[in-house]
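What follows is each chain in one-letter form.
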Amino acid sequence: PSAMREVILEVPKVNWDDVGGQREVKMQLIEAVEWPQKHQEAFNRIGTRPPTGVLMFGPPGCSKTLLARAVASEAGLNFLAVKGPELYSKWVGESEKAVRTLFAKARANSPSIIFFDEIDGLAVVRGKESDGISVSDRVMSQLLIELDGLHQRVNVTVIAATNRPDKIDPALLRPGRFDRLLYVGPPDEKDREAIFHIHLKKMPCSSDICVEELARLTSGCTGADISLICREAAIAAIEESLDASEITMEHLKAAIRQVPPSEVHSYQE
Ligand code: ATP
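Where an unreviewed UniProt entry is consulted, the chain appears under the name AAA+ ATPase domain-containing protein, with the organism given as Solanum lycopersicum.

Chemist: Account for the overall build of the chain, with residues named and values stated.
Modeler: Secondary structure summary: the chain contains 10 helices and six strands in total. For the chain, buried positions account for 47% of its 269 residues. Sequence separation of at least 24 residues holds for 80% of the intrachain contacts in the chain that already meet a minimum separation of 6.

Chemist: Account for the site of the ligand, naming residues and giving values.
Modeler: Surveying the vicinity of the ligand reveals 17 residues, the closest of which are Gly20, Gly61, Lys64, Thr65 and Asn163. Here an oxygen atom of the ligand sits 3.2 Å away from a polar atom, N or O, in the main chain of Cys62. Contact between the ligand and Asn163: an oxygen atom at 2.9 Å from a side-chain N or O atom of the residue. For the ligand, whose unbound accessible area comes to 630 Å², protein coverage reaches 77%. Mapped by element, the contributors of at least two residues to the shell around the ligand are helix 3 (64-75), helix 7 (189-200) and helix 9 (223-240).

Chemist: Now, about the nonpolar core: what can you tell me, with residues and values included?
Modeler: Within the largest apolar cluster, 28 residues are counted, with the highest numbers of intra-cluster contacts made by Phe103, Phe116, Ile119, Leu143, Leu147 and Leu172. The set of elements that each furnish at least two residues to this core consists of strand 3 (78-83), helix 4 (86-89), helix 5 (95-108), strand 4 (112-117), helix 6 (135-148) and strand 5 (156-162). Per-element accounting of this core gives the leading share, six residues, to helix 6. Beyond its immediate sequence surroundings of up to four residues, Leu172 is in contact with Ile119, Met140, Leu143, Leu144, Leu147, Arg177 and Phe178. Counting 23 residues, the second largest nonpolar core, distinct from the first, contains Val25, Ala68, Phe79 and Leu182.

Chemist: Describe in detail unusual backbone geometry, supporting the description with residues and values.
Modeler: Comment: phi is negative for the bulk of residues other than glycine, and the bulk of peptide bonds are trans. In this structure, Pro111 follows Ser110 across a cis peptide bond, with omega equal to 0 degrees. Residue position: Pro111 is located in the loop between helix 5 and strand 4. Of note, Gln22 is a non-glycine position whose phi angle comes to about 55 degrees, a positive value. Counting through the fold element by element, Gln22 comes out in the loop between strand 1 (9-10) and helix 1 (23-38).

Chemist: Any details on the side chain of Arg177? Residues and values, ideally.
Modeler: Structurally, Arg177 can be placed in the loop between strand 5 and strand 6 (178-183). Classification of Arg177 by relative accessible area gives buried; the value is 13%. The contacts of Arg177, once residues within four sequence positions are left out, are Thr52, Gly53, Leu144, Leu147, Asp148, Ala171 and Leu172.

Chemist: Lay out helix 7 with the relevant residues and their values.
Modeler: The end-to-end C-alpha distance of helix 7 is 16 Å, a good match for the 16 Å that 12 residues give at a rise of 1.5 Å each. Within helix 7 the residues assigned to the buried category are Arg192, Glu193, Ile195, Phe196, Ile198, His199 and Leu200. Buried residues in helix 7 make contact with helix 8 (211-217), helix 9 and helix 10 (249-258). For helix 7, the N-terminal capping position is held by Asp188, with its side-chain oxygen 3.2 Å away from the main-chain nitrogen of Lys190.

Conventions used here
- The residue numbers shown here count from 1 along each chain, following its written sequence.
- The predicted nature of this model means local features are confined to residues of pLDDT at least 70 and side-chain atom pairs, given and counted, to a pLDDT of 80 or more, with totals for whole chains, interfaces and linings taken over all residues.
- Hydrogen atoms and water are omitted, and side-chain values are computed over all heavy atoms in the structure.
- In this description a helix means any DSSP run of H or I spanning at least four residues, a strand means any run of E spanning at least two, and both kinds are numbered starting from the N terminus.
- Exposed residues in this analysis have more than 50% of their type's maximum accessible area, buried residues have under 20%, and partly exposed residues fall in between, with area computed by a 1.4 Å probe over protein chains only.
- We call two residues in contact whenever any of their non-hydrogen atoms come within 4.5 Å of each other.
- One heavy atom suffices: a residue is near a molecule or strand as soon as one of its heavy atoms comes within 4 Å of it.
- Any pair of nitrogen or oxygen atoms within 3.5 Å is treated as a polar contact; in protein, a donor-acceptor pairing is required on top of that, and neighbouring residues in sequence qualify only through side-chain atoms on both sides.
- A 1.4 Å probe and the Shrake-Rupley method give the accessible areas. Residues count as covered only by the protein chains that appear here.
- In this text, buried Ala, Val, Leu, Ile, Met, Phe, Trp, Tyr and Cys residues form a nonpolar core when linked through side-chain atoms within 4.5 Å.
- For a helix, the expected span equals 1.5 Å multiplied by the number of residues minus one.

If you want it as structure tokens, here you go:
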């Protein structure tokens, strides 16, 4: 039985337009992920190789996962997602095999992206086993072997994400491994406006809604907070009347008062 049966393979349907703000990160992802897969000859001709892996770091709820899905979707790449800690919990005793199988599956389904969410979770399991080598050491060395094996193979790209860049094993950051670092920070006011637009466009909205004001009122909120605010507002509209046909500015303002801003801090200040 495959240790990786549970890893879902998909081509996500997320467009660049579904991600508010993050202009620079989007451009970097296109260069680091899409170009190498689409214009291999250009890289060969110029005698260089694209980054093997991309590490996105930044506070929670600020669109790392969304961006990974968007680049896969926009570039038409298959997408295999796995959370770092899952490699231990789900496949106990089979963790290294799980890593091998994951990369084999990505190659078999190339062009593809492997997305490691919470990659810092690979370093948390310490404690030695009877043979003196910890599970995390073995998983880590298998991962390094697989990453090093990707050099000649530009049609599998590895993207990792973390909220805790300080906890990443430095071995992962050496050249030829996760050698492109992208900071994904919290949204500013303009970005929050864009994010409100994205989430409200799926809902019937009253004409009194002013996204500029919503953006002003949500300082300290992440994209995930804004998504929650919009959902809370929709629920409030239904609670008010089962015949509700639209969401109003009042619903949104009430939701803003209910949802505390995550107040994540930029890692770059
Ligand atoms: P974590 O580190 O907690 O995994 P993350 O950075 O990967 O967080 P996402 O999972 O991408 O964050 O974001 C959570 C949800 O918040 C998204 O599914 C989306 O609904 C919303 N969201 C976050 N950022 C944005 C954005 N820039 N534009 C639109 N929606 C956003």
